[in-house]
Amino acid sequence: MINFHSHQPQPEAIVNLPRDLQFSPDAIGILGYSAGIHPWDSATTTDDHFERLREVAARPEVLMIGECGLDALRGAPLYRQEPLFVRHVELSEELGKPMVVHCVKAYNQLLRYRRELKPRQPWVLHGFRGNDTVAAQMMQAGIALSYGPHFNVAALRATRLDHLYVETDDDPDTPIQAVYEAVADALGIDAAFLATAVANNLAALLQP
Ligand SMILES: [Zn+2]
């Protein structure tokens, strides 16, 4: 069962590189990596750090750009996070790799950037905990949603199966199977059926 976003080197996971952008030497059976600068680190990010990201992000085992994004509750003030986020969008477009996005209390800004920058690459909003109205707005803007151990059931039920991913994020104690079962349960479908749908979505997402 594919784990769309994990901070641990787990099998069948897209592993988010840590802040130092070091690859995990003990990673076995992972799908690949995502590389970005977390908005929580936005206050202390330098140009050098971004240049290093640019090099790492170009490597073939890096499948996605991120997690990056906007967080109104943590990190630098939003007006300083926004230019960093835009640089990630540019990098994603340049390299032709989709983005995994972190967004807390900044949904309108995220939608505005999607509208204004008109990126060709897909974005996936990870660890989504918003409500069904926000879910609908995101999908309308072409942003897919990834669900972790905690989610809003109405939002999940409003999410199209071809816009849906499943993840453990930074929770090392919840197995990905348990998240699939919880999500499938809330949707009233079979976990194996859900896993097939997510695998198909990821294959389409990563198609060059
Ligand atoms: Zn994360």
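Residues numbered from 1 in each chain as written. Predicted model: local features only at pLDDT ≥ 70, side-chain atom pairs only at ≥ 80, totals over all residues. Heavy atoms only, no water.

**Some words on the pairing of strand 5 (residues 99-104)**
Burial analysis of strand 5 places five of its six residues in the buried class, which makes it a mostly covered element. The parallel pair strand 4 (residues 62-71) and strand 5 is bridged by helix 2 (residues 78-95), and the resulting crossover is right-handed. Sheet topology places strand 5 next to strand 6 (residues 123-125); three bridges connect them, and they run parallel. When the bridges of strand 6 are listed, Val101 appears paired with Leu125. A crossover connection joins strand 5 to the parallel strand 6 through helix 3 (residues 107-117); in handedness this β-α-β unit is right-handed. (Buried < 20%, exposed > 50% of the residue type's maximum accessible area, 1.4 Å probe, protein only. Helix = DSSP H or I, 4+ residues; strand = E, 2+ residues; numbered from the N terminus. Right-handed = clockwise from strand over helix to strand, strands pointing away. Pairing = 2+ DSSP bridges.)

**Quick word on the packing of helix 6 (residues 176-187) against helix 7 (residues 191-205)**
At a minimum axis separation of 9 Å, helix 6 and helix 7 run at an interaxial angle of 105°. In terms of orientation, helix 6 and helix 7 fall into the roughly perpendicular class. Where helix 6 approaches helix 7, its residues Tyr180, Glu181, Val183, Ala184 and Leu187 are matched on the opposing element by Ala191, Leu194, Ala195 and Val198. Here the residues of the contact of helix 6 with helix 7 are counted per class, giving eight nonpolar, no polar and one charged. (Axes fitted to C-alpha atoms, helices over the stretch in contact; angles between N-to-C directions. Parallel < 35°, antiparallel > 145°, perpendicular 65-115°, else oblique. Contact = heavy atoms within 4.5 Å. Nonpolar A, V, L, I, M, F, W, Y, C, P; charged D, E, K, R; others polar.)

**Thoughts on the coordination of the zinc ion**
Six octahedral donors at a metal ideally form angles of 90 or 180 degrees, and four tetrahedral donors ideally form angles of 109.5 degrees. Coordination of the zinc ion by the protein involves His5 (NE2), His7 (NE2), Glu67 (OE) and Asp169 (OD), with metal-donor separations of 2.0 to 2.2 Å. For the zinc ion, the donor residues sit on a single chain with the sequence spacing H-x1-H-x59-E-x101-D. One end of the pair, Glu67, is in strand 4; the other, Asp169, is in the loop between strand 8 (164-166) and helix 6, with 102 residues separating them in the sequence. Pair check on accessibility: Glu67 and Asp169 agree, each one buried. (Donors = N, O, S within 2.8 Å, 3.2 Å for Na, K, Ca; no water.)

**Quick notes on the environment of Ile37**
Looking at the element boundaries, Ile37 is found in the loop between strand 3 (32-35) and helix 1 (47-57). Ile37 sits in the buried class, given a relative accessible area of 2%. Spatially, the C-alpha atoms of Ile37 and Arg112 are 20 Å apart, while their sequence positions differ by 75 residues.

**Description of the side chain of Glu167**
By secondary structure assignment, the location of Glu167 is in the loop between strand 8 and helix 6. One polar contact links Glu167 to Ser146, side chain to side chain, over a distance of 2.7 Å. If near-sequence neighbours (up to four positions away) are discounted, Glu167 is found in contact with Asn3, Phe4, His5, His126, Gly127, Ser146, Tyr147, Gly148, Pro149, Ile176 and Val179. (Polar contact = N/O pair within 3.5 Å; in protein donor to acceptor, adjacent residues only side chain to side chain.)

**A look at the pattern of salt bridges**
Pairing between side chains becomes possible if they bear opposite charge and their charged atoms approach one another. Enumeration over the complete set of coordinates arrives at eight salt bridges. Measuring nitrogen to oxygen at the nearest pair gives 3.6 Å for the salt bridge that ties Asp41 to Arg19. Highlighted residues: Asp41 in the loop between strand 3 and helix 1 and Arg19 in the loop between strand 2 (13-16) and strand 3, separated in sequence by 22 residues. Overall, the relative accessible area of 38% leaves Arg19 in the partly exposed class. A salt bridge links Arg112 to Glu82; its shortest N-O distance comes to 3.6 Å. Here Arg112, found in helix 3, pairs with Glu82, found in helix 2; they are 30 residues apart in sequence, far enough to count as distant. Given a relative accessible area of 14%, Glu82 falls into the buried group. Counted as one network, the salt bridges with shared partners bring together Glu51, Arg54 and Glu94. (Salt bridge = Lys/Arg side-chain N within 4 Å of Asp/Glu carboxyl O.)

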